[in-house]
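# Descriptive structure summary
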Amino acid sequence: MWSSDRTARHVLVSMLVVALLSAGCGLRALDEMKETHRQGQYAEVAAMDVSCDPGDDRCNQMHLLKGDACYVLGRRAESADEDSTARARFACAETHLGEGLRQTEPGSGDWAIAGNDRAQWYTNRAESLRQLQDLLAGDSARAVSRRLLEFGRTYRETIPDAAAPHFYIATAQYALLQPRLLDAPSGDADVCGELDTIISTLDEAPPAPDTSSVHTNIESLRRQLDRQRSRLDCSS
């Protein structure tokens, strides 16, 4: 009996040591990631492995940091017309930002990591999906559009005073409508109705500053929708 108790205690102590060592490793990994990100070494951050337990309160921060690094690199690749690199970076950003968002509590101070706020993290994931949508084609693009539509609605419900989610919802709706727009006859009631629904999504957006990128994006999309309505003679 005494031998059994001693064995049980040994096993328990071993488990505690492993847990403490793992926690220390997780903290060191996060500290390294934070410092590397702070120095602007985004490629190094993007290459770091994030294989942590979602229940660990540091895991969400690691996903957010890696997602942010991939997002920054994706925007750089997009600006340089490096489409294949941009696709890979935005796919990484979408995955890790999504995981970081799921793991971070609404009132957590972790949203401030990397100088962002909660709305910015949502915007960056939505923008990653929008970029992927434009960089893909066919069924792959439509699958991303559906994810963008779903996430845009989640973003709108989570931060109802933000204008950005309305833009992303409308963008996804417009992308999904594109195949029907190509062959729609003049005055097509269904397609015209879909265009009106998308315009209504934009109309419902809370006001955004005239100088903001979201205002510019909304107005640009609105002009595209108006041109489609005119082309199809939807007002008749």
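What counts, and at which threshold
- Residues numbered from 1 in each chain as written.
- Predicted model: local features only at pLDDT ≥ 70, side-chain atom pairs only at ≥ 80, totals over all residues.
- Heavy atoms only, no water.
- Helix = DSSP H or I, 4+ residues; strand = E, 2+ residues; numbered from the N terminus.
- Buried < 20%, exposed > 50% of the residue type's maximum accessible area, 1.4 Å probe, protein only.
- Contact = heavy atoms within 4.5 Å.
- Core = buried A, V, L, I, M, F, W, Y, C linked by side-chain atoms within 4.5 Å.
- Phe/Tyr/Trp six-rings, centres within 6.5 Å; stacked < 30°, edge-to-face > 60°.
- Lys NZ or Arg CZ within 6 Å of the ring centre and 35° of its normal.
- pLDDT = per-residue confidence, 0-100.

### Some remarks on the side chain of Gln133
Take Gln133: it is sitting in helix α5 (residues 118-135). For Gln133, a relative accessible area of 7% translates into the label buried. Here Gln133 is in contact with Ala141, Val144, Ser145, Leu148, Thr171, Ala172 and Ala175, once residues within four sequence places are set aside.

### Let's talk about the nonpolar core
Core analysis: the largest hydrophobic core is formed by 61 residues, its most contacted members being Leu195, Leu225 and Leu232. Ranked by residue count, the leading element in this core is helix α7 (residues 164-183), at 9 residues. Excluding anything up to four places from it in sequence, Leu232 contacts Leu181, Ala184, Pro185, Ser186, Gly187, Val191, Cys192 and Leu195.

### Considering the packing of aromatic side chains
In total, this model carries 5 aromatic pairs according to the counting rule given. Where Tyr122 meets Phe151, the ring centres are 5.6 Å apart and the plane angle is 10 degrees; that geometry is what we call stacked. Residue Tyr122 is found in helix α5, and its partner Phe151 is found in helix α6 (residues 138-158); the two are separated by 29 residues along the sequence. Classification of Tyr122 as buried rests on a relative accessible area of 7%. Arranged with centres 5.1 Å apart and planes meeting at 65 degrees, the rings of Phe167 and Tyr168 form a pair that is edge-to-face. For the pair Phe167 and Tyr168, a shared accessibility class is recorded, and that class is buried. Above the ring of Phe151, the side-chain terminus of Arg125 is found at 4.6 Å from the ring centroid.

### Observations regarding the confidence of the model for the protein
Per-residue confidence for the protein averages 89 on the pLDDT scale, and 89% of its residues sit at or above 70. Within the protein, the element-level pLDDT minimum falls on helix α1 (residues 2-38), averaging 58, and the maximum on α6, averaging 98. Here residues 6-25 scores under 50 on pLDDT; set against residues more than four positions off or in separate chains, the count is 1 contact.

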